[in-house]
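# A structural walkthrough
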Amino acid sequence: MRGPEHILLWTFMIAAVITLAQPRLNLKHNSQSGSGLRSDCAGNLMRVSLDKALAVGNQLEVEAINGTQLVALTPSLAAQCGYSMESDPWGNTRIYTSLMGCYVDNKDDETFNVGLRLQMYNYENPSDLVNHDVTKTCTYTRWASREILCDRNYMEVSHHMTKPAEAKGQAKAETQINATPGESDGAQGIWKMTFYTPEPVPMVLKEAIQAGYTAMTTANRLVMRSPYDTAETYSEEVAGVPMSVLKVSAYYKASDGLRTVNLAAACPTGGVLFTEEVISWYIPRRVTPLVDGNFKILEMFMGINGQRLDESHMAARGYTLSATDFHIIVEIPVGSPDGYYKSHAPDYQYHITYSVEPMLEMLWRAENTQDDTRYKILLPMTTPLMPRPPHIKDDTVPQDRMFTLYVGTFLHDVELRNITFSTGVLTVEESKARGFSVQEYSFSNGSKSFSLQVPFDADVVLKHNPEPLVTSYFLPVVFGFLTLPEETPFAVSVDLQASLQDVVLPTISGSCDQNDFYMSVKYGSQGPSFLTMVGSQPLTPEMMETYNFAENNTHFSLVMSMRAKDIVYELITSDSLRVRLDVVLWDSINNWMLADLYLSCSFPFNATRCYPNGTMSTLAFKMESVPNMDMGMLTLNDQSCKPVFNNDQFAVLAFNVDTCGTTRMFFDNYMLYENEISLNYNNKGAAYTSPGDPEYRHKISCYYAVNDTQTVAFNSEPINKQPAAEIGSGQLMVQLRLAEDSSYDLFYQAEDYPVVKYLRQPLYFEVELMYSADPQLELILENCWATLHEDRTSLPSWDIIVDSCENRDDGYVTVFQPVTMDTRVAVPSHVKRFSIQMFTFTEDGEVLKDEIHVHCDAVVCHTNGDTDDSCRGQCVNPTGTKPYRQQGVQRVQRSTNSSNQRQLSSGPILLTTQSNF
């Protein structure tokens, strides 16, 4: 407990000493103790107490006032001259001065004037200096024959000097100031000393002073003082307690000759035991280096901070002072208000220590003598580091949707600096700015704790769904603390978790009309955080565009045609088609189905078309009941009649009624042609001949009205061939329609005209050859143009398609759209689609009229016959660009008598200026 650490404490507080000659700026001087500065006498010591309010933020230097001189007290000089200092980490400081110190004004060993100058200057502005002069007069007359003082940084022993009897009427010795080390003591000065280590080491006074000792005489006493680290002190264990021992014989000059005094001091450097509750201090009852024979203890006192305590004070604090055969025992409860706690953070873990400064004072007398010894020990002690893991209290109530956490307790010297969340580190101020509640709570015992509140919905909270309806919320935090004043960091990690059945799942609703499915999804509490499966496919951006996807913050919706490729066909009849839409909302992370919709609707649908020229066409759909169905393997009664087109969803079969095994029957005024579509398993091999594979059969039929009644002869003999319909001639119908969008599913009807469009908004046109299933016919758009008026020959006009190709001189070129076979288009060569951008005619920068009409000349060609230039195909071998047609130029029209040409018009289409594209 003794040794260099106490000297270092002085070094920490005193630091560099300012010489007297060094100038100071902004000097402020207080000639006596002010607020926060007190001085008092404590037996053979004078004590100065400096409050932290006065010292905080300042550097402290101490100088001894020696008459008119100021002597800077360095750590080594302080130990040599009887000065010590104890300070806690916050600046509460006590300075002790031995009344036998070097620079004390001693009057007959009874009255002692002590003077100190305390110099304080700010670390950041050293020129701003404040002086505090402290002077104190102490009276001490209860000197024992031998006084031993064990202070923090030195040992001191003084012995009464025997003097010859004074002559009657002789004046008393004059007042003197104790000599400075190195000065002569005059006629009664010390001559030399012998130190025992325990081997004898002789020194003259000058050598002893140079070695760090003080040896001097006063009016009645001889004083010897030694720091603990001098070479001539040695260690000795007494009753199990390690002690530092000084033994010396001093030779001094007296009026009647040379005299010798044997001096000894022994101070404990250990003997302290710690538990979590009590500090036990053991001092040898018989200090053998100081006692030769029997002795008797006359007085025994315990004290704190150099001041004796009475029994009531000790009882109130829980202090005990007892004696055994071998030891004097002082017990101090850990946490007594006379000491202080301190926070530490070794290895970033929170610990505390408790420090206290007890004092023991004893007076004993040797047997059969009048010589007594006063033995006084001041021994600051600090407990070992005590781990104090903070207590974590989770006060979270899940229904409040708020994490509430308390962490503590800590000592008052702990500061919360920052909090680390999953998203990064925030200071306390930044955490509060984010809406988190961070509070500090102080308690009457000086401790503190902290609380943190974070909403479940904060972005620093992690979320997980262990069950579809349950959300688990996680809040990992790391509190960053500092111990003051050292600013040593340490951390406390906390992981909070709370679960709440708060998930609202999304829901799906749906309906149908005559043509389409309507499906709506209402988002749940987690928004659109799911995968939408339409049929067996995830909903893609391309599908969204096709299915008229629309959404807002709470819903999204789809509109799907009954012919969409992602629906399932369940049943087909002569006049309807039962179709099912399957939609599943899927949590792809946890593989949970959140919601589903299986919407089955029957749509009016005639899959079979009967043409007046004796041909039939029909659509066959892949039914859900036949999962292995290969649409290319469908046949009619005649298995050589297969689909003219098929994909994985449907097949198109077109045939003459006198072929493919079609049967004919007559009913009153009707004639019925009938055939059957079936699946030809035998051509697919063993995989399609399993007894478990269902059959696929679908009858198709056409009725024709018989205009008159005829007598029909019946011949029972077999005929050579099946009845056949006669091939006739008739007009082919071609129509031009404006589609609502690029899907070409919906078209404007007659009642919708005029159609209103924005400038440069796309216009989607479709030209279709109607009521024909002949795949050898092809529709060709020869020329298309736009006019201001309904009259197709009016001027001005603008070319859209020229000689079956787009007008390449147009800044916004016409785009031909591809046509593929689907449930509506059985023969793609019968349909042509193109798009243009909405425009208007202008003259001199002014709009002539805000509407246009579109006209086309279409040609129906036979692909196997002789073709003229018009039947080369759509935009085959274009002849090149043509100049713009100017107003006033008459268009040359084809003859309307041509059997294969059709003239078409559409409009009007009005321009609106509410938006630009």
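Remember, it's a predicted structure, so these values are computed and weren't measured experimentally. (Residues numbered from 1 in each chain as written. Predicted model: local features only at pLDDT ≥ 70, side-chain atom pairs only at ≥ 80, totals over all residues. Heavy atoms only, no water.)

### Description of the overall build of the chain
Across its full length, the chain holds seven helices and 70 strands. The proportion of buried residues among the 917 residues of the chain is 47%. Sequence separation of at least 24 residues holds for 66% of the intrachain contacts in the chain that already meet a minimum separation of 6. A total accessible area of about 45500 Å² is found for the chain, and carbon and sulfur atoms account for 49% of it. (Helix = DSSP H or I, 4+ residues; strand = E, 2+ residues; numbered from the N terminus. Buried < 20%, exposed > 50% of the residue type's maximum accessible area, 1.4 Å probe, protein only. Contact = heavy atoms within 4.5 Å. Areas by Shrake-Rupley, 256 points an atom, 1.4 Å probe, with all protein chains shown as cover.)

### Focus on the state of the cysteines
By definition, a disulfide links the sulfur atoms of two cysteine residues through a covalent bond. Evaluated as defined, the whole model comprises eight disulfides. In this model, C41 is linked to C138 through a disulfide, with the two sulfur atoms separated by 1.9 Å. Judged by the sign of its S-S torsion, about -90°, the bond between C41 and C138 is left-handed. One end of the pair, C41, is in strand β2 (residues 37-42); the other, C138, is in strand β10 (residues 129-139), and 97 residues separate them in sequence. Taking the relative accessible area as the measure of exposure, C138 reaches 1% and is therefore buried. (Disulfide = S-S within 2.5 Å.)

### Points about the environment of D566
Topologically, D566 is positioned in the loop between β47 (555-561) and β48 (568-572). On the basis of relative accessibility, which here comes to 7%, the residue D566 falls in the buried class. C-alpha of D566 to C-alpha of L581: the two residues are 15 residues apart in sequence and 7.7 Å apart in space. Among residues more than four places away in sequence, those in contact with D566 are V534, G535, Q537, M543, Y547 and M560. Among the polar contacts listed, one links the side chain of D566 to the side chain of Y547, at a separation of 2.5 Å. (Polar contact = N/O pair within 3.5 Å; in protein donor to acceptor, adjacent residues only side chain to side chain.)

### Thoughts on the pairing of strand β3 (residues 45-50)
The element β3 is extensively covered by neighbouring structure, given that six of its six residues are classed as buried. Going residue by residue along β3, you find L45, R47 and S49 tucked away on one face and M46, V48 and L50 tucked away on the opposite face as well. Between β2 and β3, which pair antiparallel and follow one another directly, the connecting turn spans two residues, one of which, G43, has a positive phi of 65°. Of the pairings in the sheet, the one linking β3 to strand β7 (residues 93-98) comprises six bridges and is antiparallel in character. (Pairing = 2+ DSSP bridges.)

### Looking at the nonpolar core
M193, M224, Y375, F421, F479 and F481 are the most contacted members of the largest nonpolar core, which has 93 residues in total. In terms of residues, this core owes the most to one element, strand β19 (residues 241-254), which gives eight residues. Contacts of M224, omitting those with residues within four sequence positions, involve M155, E156, V157, M193, F195, Y213, T214, A215, L246, V248 and L263. If you look at the next biggest cluster of nonpolar residues, it comprises 60 residues, including F603, A607, V652 and Y704. (Core = buried A, V, L, I, M, F, W, Y, C linked by side-chain atoms within 4.5 Å.)

### Describing the sheet that holds strand β33 (residues 391-394)
Hydrogen bonds along the backbone pair up the strands of a sheet, which may run parallel or antiparallel. Here four strands make up an open sheet; going across it, the order is β33-β34-β38-β37 and the pairing antiparallel. Sheet topology places β33 and β37 (437-442) at the edges, where each strand pairs with a single neighbour. The sheet shows a mean angle of 20° between the axes of neighbouring strands, taken without regard to direction. Across eight bridges, strand β34 (residues 402-410) lies against strand β38 (residues 448-455) in antiparallel orientation. Residue pairing in the sheet places L405 in a bridge with L452 of β38. (Axes fitted to C-alpha atoms, helices over the stretch in contact; angles between N-to-C directions.)

### A look at the sheet that holds strand β21 (residues 272-274)
The strand order β21-β22-β26-β25 describes an open sheet built from four strands, whose pairing is antiparallel. Each having just a single partner strand, β21 and β25 (320-323) make up the two edges of the open sheet. On average, each strand axis in the sheet is inclined to that of its neighbour by 20°, with strand direction left out of account. Across three bridges, β21 lies against strand β22 (residues 278-284) in antiparallel orientation. Within β22, the residue paired with F274 across the bridge is I279.

### A word on the pattern of salt bridges
If the charged atoms of two oppositely charged side chains come close together, the side chains can form a pair. The full count for this structure, using the stated rule, is 38 salt bridges. With its nearest N and O atoms 3.7 Å apart, the salt bridge here joins R374 to E299. Residue R374 is located in strand β30 (residues 372-378), and its partner E299 is located in strand β23 (residues 295-304); the two are separated by 75 residues in the primary sequence. With relative accessibility at 4%, the residue R374 sits in the buried group. One salt bridge connects E676 with R697, and the closest N-O pair in it is separated by 3.0 Å. You can see E676 sitting in strand β57 (residues 670-679) and its partner R697 sitting in strand β58 (residues 697-705), a full 21 residues away along the chain. Through salt bridges with shared partners, a single network forms among R142, E147, E299, R308, E361 and R374. (Salt bridge = Lys/Arg side-chain N within 4 Å of Asp/Glu carboxyl O.)

### Considering the pairing of strand β36 (residues 424-427)
Note: strand β35 (residues 414-421) against β36, four bridges, orientation antiparallel. Looking at β36, one finds that F421 is bridged to G424. Counting the residues that bridge the hairpin from β35 to β36 gives two residues.

### Re the confidence of the model for the chain
In low-pLDDT regions, the fine details of the predicted coordinates are not to be read closely. On average, residues of the chain score 83 in pLDDT, and 84% of them are at 70 or above. Model confidence for the chain, summarised as mean pLDDT per element, is weakest for helix α1 (residues 4-14) at 32 and strongest for β22 at 97. Confidence drops under a pLDDT of 50 for residues 684-690, and excluding neighbours within four residues, the segment shows seven contacts in the predicted structure. Throughout residues 721-729 the model reports pLDDT below 50, and contacts reaching past four residues in sequence, or to other chains, amount to seven contacts. (pLDDT = per-residue confidence, 0-100.)

### A few points about unusual backbone geometry
Residues L484 and P485 are joined by a peptide bond in cis, for which omega reads 5°. Looking at the secondary structure, you find P485 in the loop between β40 (470-483) and β41 (488-500). The omega torsion of the bond from Y753 to P754 falls at 0°, within 30 degrees of zero and hence cis. Residues other than glycine seldom take positive phi values, yet D803 does so here, at roughly 50°. Inspection of the secondary structure puts D803 in the loop between β63 (797-802) and β64 (805-806). Judged by relative accessible area, which is 25%, D803 ranks as partly exposed.

### Concerning the packing of aromatic side chains
Under the defined criterion, the tally for this structure stands at 34 aromatic pairs. Ring centres of F450 and F481 lie 5.5 Å apart, and the angle between their planes is 50°; on these two criteria the pair is classed as tilted. With F450 in strand β38 and F481 in strand β40, this residue pair connects regions lying 31 residues apart in the sequence. Just as F450 is buried, F481 falls in that class too. Aromatic ring contacts, followed pair by pair, group Y350, F410, F450, F479, F481 and F490 into a single cluster. Sitting over the face of the ring of F301, R308 holds its NZ or CZ atom 3.8 Å from the ring centroid. (Phe/Tyr/Trp six-rings, centres within 6.5 Å; stacked < 30°, edge-to-face > 60°. Lys NZ or Arg CZ within 6 Å of the ring centre and 35° of its normal.)

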